[in-house]
There are 2 protein chains.
Amino acid sequence: MSEARVLTDPDVIDSYARDRTFVEPGKPLGVVLAASRDDVVTTLRWATEHRVPVVPRGAGTGLAGGAIAGDGSIVLSLARMTAIKELSPVDEIAVVEPGVITADLDRAAREHGLMYAPDPSSYEISTIGGNLATNAGGLRCVKYGVTRDSALGLEVVLADGRIMNTGRRTMKGVTGYDLTGLFVGSEGTLGVITSATVRLRRAPVAPPATFAAEFGSLREAGAAVTAIMAAGCQPSLMELLDRATLEAIDDWRNIGLEAGTMAMLIGQSDATDAQAMAERMERLCMENGASFVAVSSSPQETEELIGLRRLAYQAKERQGACLVEDVCVPRSVLPEMITHIEAAAVRHGVRIATVAHAGDGNLHPVFIFDHGTVEPPPEVWAAADEVFTRALELGGTLTGEHGVGLLKQRWLALESGPVATEVQRGIKAVFDPLGLLNPGKAI
Amino acid sequence: MSEARVLTDPDVIDSYARDRTFVEPGKPLGVVLAASRDDVVTTLRWATEHRVPVVPRGAGTGLAGGAIAGDGSIVLSLARMTAIKELSPVDEIAVVEPGVITADLDRAAREHGLMYAPDPSSYEISTIGGNLATNAGGLRCVKYGVTRDSALGLEVVLADGRIMNTGRRTMKGVTGYDLTGLFVGSEGTLGVITSATVRLRRAPVAPPATFAAEFGSLREAGAAVTAIMAAGCQPSLMELLDRATLEAIDDWRNIGLEAGTMAMLIGQSDATDAQAMAERMERLCMENGASFVAVSSSPQETEELIGLRRLAYQAKERQGACLVEDVCVPRSVLPEMITHIEAAAVRHGVRIATVAHAGDGNLHPVFIFDHGTVEPPPEVWAAADEVFTRALELGGTLTGEHGVGLLKQRWLALESGPVATEVQRGIKAVFDPLGLLNPGKAI
Ligand SMILES: Cc1cc2nc3c(=O)[nH]c(=O)nc-3n(C[C@H](O)[C@H](O)[C@H](O)COP(=O)(O)OP(=O)(O)OC[C@H]3O[C@@H](n4cnc5c(N)ncnc54)[C@H](O)[C@@H]3O)c2cc1C
Ligand SMILES: Cc1cc2nc3c(=O)[nH]c(=O)nc-3n(C[C@H](O)[C@H](O)[C@H](O)COP(=O)(O)OP(=O)(O)OC[C@H]3O[C@@H](n4cnc5c(N)ncnc54)[C@H](O)[C@@H]3O)c2cc1C
């Protein structure tokens, strides 16, 4: 490898050792900016020979600490491997390097009337490799599925430098165990993804139609979600914003928030009969107690309505440092879960503002604490602990889409149980017997 | 376990040692008809203690030899565990025992306006457990995905009798490695599925609309498939029947097959605008050279058109013993693949009739040989070998939905390559270090 692709300046390294969490990294030995699969092979062989831990890294936008690097490790960045190697409109697949930015692939697909469906809110800054390694979700996944549902085949480099191909280029296939699925969501602990064959989908042709509905209670908003899904409306996104989130947005942009509004539901249809579908969802909101609903299929108004949702995270960041959480519960208990989150906030004197991918039951309670505090204070962790425990009691999971990373390690055993935990360690050892790949993450 | 649930009469055992392939089984020691998870645990503990191989079995409808039992093994039948333990219309999930017949779950779901989407043609006789273990496909999967896409969580018993829970009840979740996905398609080699949490979907409300189109060449039929998918018509099924298949049906039922008809395409839409969609697909067939197209949304005519497809397998069985194959290729090379199959048939003097789940590029070339022949004769294997090799050369896979079982073992290494093969053996050893679960299958 040429010298230029290895960084050793401690200040530069530090920025490559972090992700979007508050976790303080250690002091890695260096950063390798891989330009090719060969660079990855060379790095991993060297690391195996010298028993040095390797932390794979995409864009570092992770919210679970998955790309946080420890003392004495090597950061292996895939961000420069940005080639879209193939895009077949007929077969509706693309073959890409891991550093391709999610939205860039989507844009390339749209030139052929196709789309790359998985759209984490970070899609303008995250990489396909990072999305695969975390099994990223997004807004559209209520209709089009998560990243796993778009992953057909992978090329991965194992810890000892061996190259393995998984999966296929075809829509279906059952030869051997599903190694592709095993790598998706494995957070860089089983191997480094150097190429991916992903599925594209037809992009909707008609302009989408969007609605936004205000509710006086979470219970009503939850009932509207249930009614919309039960009616088979197939929203292409459906987001719920709680009062605290709406207040944060209102403080910033003055959206004229009414005193009685406790929740807002924003939904969209991209079907051929989008406008009719959005109107149907509007009616279902009204029938379930909405105080106000707007519907539109004008691109500008759609942008404004969805824009509200997009402002949510930044609005909260203005108020303080943020711990972004990610529980997922069965849809039927969504309102109950939010109510519980609000109670935990009050009980522990903590600010929590929640948005939810409501159609999936996936909630992001954002714990807001003082800017400048390095770590979330104990009362935040106490409230978060209650939220996690309650989500599990309600038949939910600790993480819907962000991953376990470092941040969820403490709670992991509660969900996985002893047998699955042992089995996962066994699987890890098959791929990485020396435990060099992203140690301490995911499992 | 009570004596009644263990069968030892050799004649009775023999029928439990077979599936729908021609493979001659060995002589198992006995059959356990499990009635509960505890029976499964007891059986596996006993088998581990005595080092006896165990062959899990659903309904024995497999087409790859996955449930064929060898000498000295125990057949562990799950067919009596038929409880639908939970069905939640709001959360759109069901929790079922493995012996539930696929169509029974679908019917139970329909009572709530839902459906269980995976529909292998065997759905009236196959079990959910068998579908999960093979990752079964079906006609609807072009729109709704394969069995894996409906599997959320599993309870499995490992070879040593330990119970493990995988996955979740929620739509999304990324805690730890995807063990659910790993079990789906593992053909009973990693553990025995004793309970499954599966996803249901809203059943379409409008009656479906169906078309059937006749073409003078495979190339034109293939072009129509491409055009229909590219136009975003989202067919809920799309099946291609070649000339040999049509002749077999015509011989039996006299459908008035025209001399020039080389292929038939049968498709369906279940969208809210089904009739308009079917007419659009009709137009695309005409534009691509169809000589005749019928469209209908009357339930009776729909039944007749789809019925043609359903007759295909039986029509072939009338003509001889059948080796049902299952390659899958990228959609763009579907006509090329069929042409190659026809050439192989001529070259080896073998009768091959092909139907394809055309929207997925999944082909079932059925090799027809003399009734009464126990094993396919050498020329059938020679032709099959050519078909497999060509499918791989075209970027395809050996098996789209039936699995590897015993029948594809010979070709497996061609597709998987040495690293993936070794890794899969390593994974197998994590779950089943003594190699007792369904030895010689899948990997
Ligand atoms: C504003 C904002 C909004 C967000 N919205 C969403 C959302 O809607 N949905 C969602 O799911 N997430 C969201 N995220 C989280 C984050 O963007 C995703 O987890 C994303 O998938 C991470 O991609 P990345 O390229 O930044 O990966 P990184 O953060 O660099 O890495 C993430 C993990 O993947 C591993 N990894 C990266 N590349 C590879 C590779 N090539 N091979 C093997 N392992 C690799 C790393 O080791 C690490 O464990 C959001 C983040 C931000 C900051
Ligand atoms: C007429 C006909 C049409 C068919 N059409 C299709 C089709 O369209 N699509 C398709 O995919 N297949 C099709 N098949 C093949 C077959 O029906 C499927 O493979 C089905 O999934 C097998 O289910 P089963 O219950 O019969 O399983 P079995 O044949 O009993 O077993 C299949 C495999 O699963 C394992 N297994 C079974 N139950 C369990 C369990 N509980 N835990 C662990 N392992 C288990 C067995 O060990 C074996 O390896 C068809 C077969 C026939 C005869």
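From a predicted model like this one, the values you see are computed outputs, not experimental measurements.

1. Quick word on the UniProt feature "domain: FAD-binding PCMH-type" (unreviewed entry) in chain A
Then step 1. With numbering matched to this structure, UniProt assigns "domain: FAD-binding PCMH-type" (unreviewed entry) to residues 24-203 of chain A.
Then step 2. Secondary structure across residues 24-203 of chain A comprises 22% helix and 25% strand; the distance between its end C-alpha atoms is 41 Å.

2. Overview of empty space enclosed by the protein
Once rolled over the atoms, a probe with the size of a water molecule shows which space is left empty.
Then step 1. Within the structure shown, the criterion is met by 5 cavities of 30 Å³ or more.
Then step 2. Size it by volume and the largest cavity reaches roughly 50 Å³.
Then step 3. What lines the largest cavity is simply Arg20, Thr21, Phe22, Leu63, Cys322, Leu323, Val324 and Leu407 of chain A.
Then step 4. Counted as a void, the second largest cavity has a volume near 40 Å³.
Then step 5. Around the second largest cavity sit Val329, Pro330, Arg331, Gly359, Asp360 and Gly361 of chain A together with Asp91, Arg169, Thr170 and Met171 of chain B, which together line it.
Then step 6. Of the residues in the lining of the second largest cavity, the class split is 3 nonpolar, 3 polar and 4 charged.

3. Points about the nonpolar core
Then step 1. The biggest cluster of nonpolar side chains holds 58 residues, and the ones touching the most others in it are Met164, Ile427 and Phe431 of chain A together with Met164, Ile427 and Phe431 of chain B.
Then step 2. Aside from chain neighbours lying at most four places away, what touches Ile427 of chain B is Tyr177, Leu179, Leu182, Val430 and Phe431 of chain A together with Leu182 and Leu190 of chain B.
Then step 3. Ranked by size, the runner-up nonpolar core spans 54 residues in total, among them Met281, Ala290, Val387 and Leu407 of chain B.

4. Regarding the pairing of strand E8 (residues 151-157) of chain B
The side chains of a regular strand alternate between both faces of the sheet.
Residues and elements named next belong to chain B.
Then step 1. With respect to burial, E8 is a largely interior element, 7 of its 7 residues being buried.
Then step 2. Direction of pairing for E8 relative to strand E10 (residues 192-199): antiparallel, over a ladder of 6 bridges. Residue Val156 lies in a different strand from E10, and its bridge partner there is Ile193.
Then step 3. In this structure, E8 lies alongside strand E9 (residues 163-167), joined through 5 bridges in antiparallel fashion. In the strand pairing of E9, Glu155 is matched with Asn165.
Then step 4. Count of turn residues in the E8/E9 antiparallel hairpin: 5 residues, of which Gly161 carries a positive phi of about 95°.

5. Overview of the relation of the copies chain B and chain A
Then step 1. For the pair chain B and chain A, the best superposition has an RMSD of 0.0 Å and corresponds to a rotation of 180° with a translation of 0.0 Å parallel to the axis. One copy is carried onto the other by what is essentially a two-fold rotation axis.
Then step 2. Comparing interface residues between copies, 100% of those in chain B also lie at the interface in chain A; the contact surface is shared.

6. Notes on the site of ligand 2
Residues and elements named next belong to chain B.
Then step 1. Close contacts around ligand 2 come from 34 residues, with Pro56, Gly60, Thr61, Ser122 and Thr127 the closest.
Then step 2. Between an oxygen atom of ligand 2 and a main-chain N or O atom of Pro56, the distance comes to 2.6 Å.
Then step 3. Within the side chain of Thr134, a nitrogen or oxygen atom sits 2.9 Å from an oxygen atom of ligand 2.
Then step 4. Its free accessible area being 970 Å², ligand 2 has 95% of it covered by the protein chains.

7. Considering the packing of aromatic side chains
Then step 1. Taken as a whole, this structure holds 8 aromatic pairs over all chains when the rule is applied.
Then step 2. Look at Phe388 of chain A and Trp411 of chain A: their rings are 4.6 Å apart centre to centre, the planes differ by 75°, and that puts the pair in the edge-to-face class. Of the two residues, Phe388 of chain A sits in helix H12 (residues 378-393) while Trp411 of chain A sits in helix H13 (residues 409-431), which places them 23 residues apart along the sequence. Neither residue differs from the other here; Phe388 of chain A and Trp411 of chain A are each classed as buried.
Then step 3. Taking the centre distance of 5.4 Å and the plane angle of 90° together, the rings of Phe183 of chain B and Phe431 of chain B count as edge-to-face.

8. What about the sheet that holds strand E18 (residues 362-369) of chain B?
Residue and element names in this part refer to chain B.
Then step 1. Strand order in the open sheet formed by 7 strands is E15-E12-E14-E13-E17-E18-E16, with antiparallel pairing between adjacent strands. The two strands at the open ends of the sheet, each matched to only one other strand, are strand E15 (292-296) and strand E16 (321-324). Taking each pair of neighbouring strands and ignoring which way they run, the sheet shows an average axis angle of 15°.
Then step 2. The strands touched by helix H7 (residues 218-230) are strand E12 (209-215), strand E13 (237-242) and strand E14 (263-269); relative to E14, the strand with the most contacts, the crossing angle is about 15°.

9. Describing the site of ligand 1
All names here are of chain A.
Then step 1. Neighbouring ligand 1 are 34 residues; Pro56, Gly60, Thr61, Ser122 and Thr127 lie closest to it.
Then step 2. Thr61 places a polar side-chain atom, nitrogen or oxygen, 2.6 Å from an oxygen atom of ligand 1.
Then step 3. At 3.2 Å, a backbone N or O of Glu187 approaches an oxygen atom of ligand 1.
Then step 4. When the free accessible area of ligand 1 is taken as 970 Å², the share hidden by the protein chains comes to 95%.
Then step 5. Of all elements in the fold, only strand E3 (54-57), helix H4 (128-134) and strand E10 (192-199) reach the threshold of two or more residues within the shell around ligand 1.
Then step 6. Of all the elements, H4 adds the most residues to the shell around ligand 1, at 5 residues.
Then step 7. Taken together, the residues that form the shell around ligand 1 break down as 12 nonpolar, 18 polar and 4 charged.
Then step 8. Residue assignment places the shell around ligand 1 across two domains, with domain 1 (5-77) and domain 2 (84-202) each supplying three or more.

10. Considerations on the interface of chain B and chain A
Then step 1. Taken residue by residue, the interface counts 73 residues in chain B and 74 residues in chain A.
Then step 2. Summing both sides of the interface, chain B and chain A together bury roughly 5600 Å²; the carbon and sulfur share of this comes to 61%.
Then step 3. Inspection of the chain B/chain A interface yields 10 salt bridges.
Then step 4. For Asp178 of chain A, the salt bridge is made with Arg148 of chain B, and the minimal N-O distance between the two is 3.2 Å.
Then step 5. For the side of chain B that touches chain A, the elements supplying multiple residues, two or more each, are E9, helix H6 (179-183), H7 and helix H13 (409-431) of chain B.
Then step 6. Counting residues per element, the side of chain B that touches chain A draws most heavily on H13 of chain B, at 13 residues.
Then step 7. Class assignment for the residues of the side of chain B that touches chain A results in 28 nonpolar, 29 polar and 16 charged.

Rules used in this analysis
- Residues numbered from 1 in each chain as written.
- Chains lettered and ligands numbered in written order.
- Predicted model: local features only at pLDDT ≥ 70, side-chain atom pairs only at ≥ 80, totals over all residues.
- Heavy atoms only, no water.
- UniProt positions renumbered as here; feature names shortened; annotations may be inferred.
- Helix = DSSP H or I, 4+ residues; strand = E, 2+ residues; numbered from the N terminus.
- 1 Å grid on protein atoms, 1.4 Å probe; cavity = no way out; pocket = protein on both sides within 12 Å on 5 of 7 lines; lining within 4 Å.
- Points joined across faces, edges and corners; volume = space filled by probe spheres on them.
- Nonpolar A, V, L, I, M, F, W, Y, C, P; charged D, E, K, R; others polar.
- Core = buried A, V, L, I, M, F, W, Y, C linked by side-chain atoms within 4.5 Å.
- Buried < 20%, exposed > 50% of the residue type's maximum accessible area, 1.4 Å probe, protein only.
- Contact = heavy atoms within 4.5 Å.
- Pairing = 2+ DSSP bridges.
- Least-squares fit on C-alpha atoms with pLDDT ≥ 70 in both.
- Near = heavy atom within 4 Å.
- Polar contact = N/O pair within 3.5 Å; in protein donor to acceptor, adjacent residues only side chain to side chain.
- Areas by Shrake-Rupley, 256 points an atom, 1.4 Å probe, with all protein chains shown as cover.
- Phe/Tyr/Trp six-rings, centres within 6.5 Å; stacked < 30°, edge-to-face > 60°.
- Axes fitted to C-alpha atoms, helices over the stretch in contact; angles between N-to-C directions.
- Domains from an automatic or database assignment.
- Buried area = accessible area lost by both parts, 1.4 Å probe.
- Salt bridge = Lys/Arg side-chain N within 4 Å of Asp/Glu carboxyl O.

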